[in-house]
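Per-entry structural report
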Amino acid sequence: MSRLFIFLNIIFVLIANTTSLTEHNLKPKPKPKPHAIVIPVFKDTRSGLYYTNVTVGKPPIVANLVVDVRGSALWFECDTVGYNSTTSTPVPCGSRGCEQTKDKCSTCQAYLKSELTFNNQIATLINDDVMLSYTFPSSAYVAPKRPVRARIACRGYFEGFLSMLPAGTLGILGLGNSSTSFVSSLVSSYKLPFKVSLCLPSKPGNNPGSVYIGGSPNSKNFKGLLVSTPLISNRETIAHGEDYNYFIDVKSIEVNGKRLSFDHDLLKNKTGHWGRTKIKNVIPYTLLEGSIYKALVGAFSEKAKKQKAVYPFTDCFSYKSFGGKSLLGKETPVISLVLGGGAKWDIYGPNSLVKVNKKVVCLAYQEADEFESRFPIEIGGYQMEDNLVEFDLEASKFSFTSSLLRHNISCSPQR
């Protein structure tokens, strides 16, 4: 009997240990760290700008926001959308992301900066849940949206303020590098690399492009396509408190490999001009200093027959002169920005010309107002469509693919 009892005890212990090990092994594995936060981007055809929609707080509100690569925060008019979230918490004065010290304020506030609104606007900084998607380190798969804690700016109602933005939008998703930055809060909270990538769509509709915070998409489609040049600072804009701008060093401009003739000192800092090339997606088309614009028009006029201008463009050409079939055809001149470090950003037909009707295409560049612009080149959104571009703030590097359409890829694939 005692032998049987001992045998049964041994069996019981073995079964208990096996069950315990099985239960231990069945415990859910921790979720992998996100590779990048992903935000959809849509094109507004009327304004030529780009926007996203975000869901914030509890009860949730949905706001359409203009995407501004230089903007200093994610902000919207909280009163206008009825924002009254129970999950929001104030950003403490004196804490990281608040420039005001504890003895100077009770609720952290900041001045919002965006060229769309002309003047700086004061807003209250808070943290709240924003519904965002993300990718995994080893996959291009985009996971369903989940609440992500992020810093946002809440501003009160100001009559006529939203009229400065495209119809239907209620604020701005700023992707600039500032103390109030939405990007900074995500990078810090989720231990992501300080990188912002854009893939802007060329067409309106339900197939958006994307913003990636933390790194470019893990896709074999982009391998080997990215070319890099240094991101540079501009001492004049820093002196004016605009250290959130993104600049690259354009050394010269070529059309089909031939260097344009203009005063290249314009591309350097000097009296009357701040030099450097600013990346600014909140203008539809690239702005060029007058003599640079005229040199570009001259190069295209050698290749094509001029046509009557179609607003808002000032220089248009016969589509037939460029083959009349595809703007990617060999008949369409290729514009090359020759950059610091030896890289070239090649701009092909779909990013340099706009087809306004079956017979006419117009140059998708505009001459800058000499009294308003202090920069020789300001790269607009149209020139970045269907290009993957990445701002790497850790390495001070700007990377780009040139037109993805040449590889049968777009920023807004069918989903």
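Basis of the calculations
Residues numbered from 1 in each chain as written. Predicted model: local features only at pLDDT ≥ 70, side-chain atom pairs only at ≥ 80, totals over all residues. Heavy atoms only, no water. Helix = DSSP H or I, 4+ residues; strand = E, 2+ residues; numbered from the N terminus. Buried < 20%, exposed > 50% of the residue type's maximum accessible area, 1.4 Å probe, protein only. Contact = heavy atoms within 4.5 Å. Areas by Shrake-Rupley, 256 points an atom, 1.4 Å probe, with all protein chains shown as cover. Core = buried A, V, L, I, M, F, W, Y, C linked by side-chain atoms within 4.5 Å. Salt bridge = Lys/Arg side-chain N within 4 Å of Asp/Glu carboxyl O. Pairing = 2+ DSSP bridges. Axes fitted to C-alpha atoms, helices over the stretch in contact; angles between N-to-C directions. Expected span 1.5 Å × (residues − 1). Phe/Tyr/Trp six-rings, centres within 6.5 Å; stacked < 30°, edge-to-face > 60°. Lys NZ or Arg CZ within 6 Å of the ring centre and 35° of its normal. Disulfide = S-S within 2.5 Å. pLDDT = per-residue confidence, 0-100.

1. What about the overall build of the chain?
- Counting secondary structure elements, the chain contains six helices and 27 strands.
- Counting over 415 residues, the chain shows a buried share of 52%.
- For the chain, the share of sequence-separated contacts (at least 6 apart) that also reach a separation of at least 24 residues comes to 68%.
- Taken as a whole, the chain presents about 20,600 Å² of accessible surface, with 54% of it coming from carbon and sulfur.

2. Overview of the nonpolar core
- Ranked by internal contacts, the top residues of the largest apolar core, which has 100 residues, are Phe 76, Tyr 83, Ile 213 and Trp 345.
- Broken down by element, this core gets its largest block of residues, seven residues, from helix α5 (residues 290–301).
- Counting eight residues, the second largest nonpolar core, distinct from the first, contains Tyr 285, Val 354, Ala 364 and Tyr 382.

3. Focus on unusual backbone geometry
- A cis amide bond links Lys 58 to the next residue, Pro 59, at an omega of 0°.
- For the bond running from Tyr 311 to Pro 312, omega is 10°, close enough to zero to count as cis.
- Among the structural elements, Pro 312 can be located in the loop between β18 (306–307) and β19 (316–318).
- The phi dihedral of Lys 191 is positive, around 55°, even though this residue is not glycine.
- As for its placement among the helices and strands, Lys 191 is situated in the loop between α3 (182–189) and β10 (195–199).
- One non-glycine residue, Ser 396, lies in the positive phi region at around 50°.

4. Observations concerning the pattern of salt bridges
- Evaluated as defined, the whole model comprises twelve salt bridges.
- Among the ionic pairs, Lys 278 bridges to Glu 378, the shortest N-O distance being 3.8 Å. Taken together, the positions of Lys 278 in strand β16 (residues 277–279) and Glu 378 in strand β25 (residues 377–379) put the pair 100 residues apart, joining distant regions of the chain.
- Residue class for Glu 378 comes out buried when judged on its relative accessible area of 3%.
- Each of Asp 128, Asp 129 and Arg 149 takes part in one network of salt bridges that share partners.

5. Topic: the sheet that holds β25
- Here we have five strands laid out as an open sheet, ordered β13-β16-β25-β17-β24, and mixed in their pairing. One side of each edge strand has no neighbouring strand; the edge strands of this open sheet are β13 (247–248) and β24 (365–367).
- As paired elements, β16 and β25 share three bridges and run parallel to each other. Looking at the pairing, Lys 278 lines up with Glu 378 of β25.
- Relative to the sheet, α5 contacts β17 (286–288), β24 and β25, its axis offset from that of β24 by approximately 135°.

6. With respect to the environment of Ala 63
- Within the element layout of this structure, Ala 63 appears in strand β3 (residues 61–68).
- Ala 63 gets classed as buried once you look at its relative accessible area, which sits at 0%.
- Spatially, the C-alpha atoms of Ala 63 and Thr 169 are 7.1 Å apart, while their sequence positions differ by 106 residues.
- Apart from the residues lying within four places of it in its own chain, the contact partners of Ala 63 are Thr 52, Asn 53, Val 54 and Leu 170.

7. Details of the sheet that holds strand β14 (residues 250–255)
- Read across the open sheet, the four strands follow the order β15-β14-β20-β21; overall the sheet is antiparallel. Single-partner strands in this sheet number two, and they are β15 (258–259) and β21 (344–347).
- Of the strand pairs in this sheet, β14 and strand β20 (residues 335–339) are connected by five bridges, and their pairing is antiparallel. Within the sheet, the bridge partner assigned to Val 255 lies in β20 and is Ile 335.

8. A word on α5
- A rise of 1.5 Å per residue sets the reference length of α5, with its twelve residues, at 16 Å; its end C-alpha atoms lie 16 Å apart and thus fit the reference within 8%.
- Listed as buried for α5 are Gly 290, Ile 292, Tyr 293, Ala 295, Leu 296, Val 297, Ala 299 and Phe 300.

9. Section: the packing of aromatic side chains
- Tallied over the full model, the rule gives 13 aromatic pairs.
- Taking 6.2 Å as the distance between ring centres and 70° as the angle between the ring planes, the aromatic pair formed by Phe 317 and Phe 322 counts as edge-to-face.
- Put simply, the rings of Tyr 246, Trp 345, Phe 391, Phe 398 and Phe 400 touch in pairs and so form one group of aromatic residues.
- Geometry around Tyr 134 places Arg 146 over its ring, the cationic atom sitting 4.3 Å from the centre.

10. Things to note about the environment of Asn 221
- Note on placement: Asn 221 falls in the loop between β11 (209–213) and β12 (227–230).
- Since its relative accessible area comes to 38%, Asn 221 is described here as partly exposed.
- Taking the C-alpha atoms as reference points, Asn 221 and Leu 404, 183 residues apart in sequence, are found 9.1 Å from one another.

11. Overview of the state of the cysteines
- A complete count under the given rule lists five disulfides for this structure.
- Across the disulfide, Cys 98 is cross-linked to Cys 108 (sulfur-sulfur distance 2.1 Å). The sign of the 110° torsion about the S-S bond sets the Cys 98-Cys 108 disulfide as right-handed. Taken together, the positions of Cys 98 in the loop between β5 (89–90) and β6 (109–112) and Cys 108 in the loop between β5 and β6 put the pair ten residues apart, joining distant regions of the chain.
- For Cys 108, a relative accessible area of 0% corresponds to the buried category.
- Two residues share a disulfide in this structure: Cys 199 and Cys 411, whose sulfurs sit 2.0 Å from each other.

12. Quick look at the confidence of the model for the chain
- Residue-level pLDDT values for the chain average 85, and 85% of them are 70 or greater.
- Least confident of the elements in the chain is helix α4 (residues 235–239), whose mean pLDDT is 50; most confident is strand β23 (residues 360–363), at 98.
- Low pLDDT (under 50) marks residues 19–24, which in the prediction has zero contacts with non-local residues, meaning those over four places away or in another chain.

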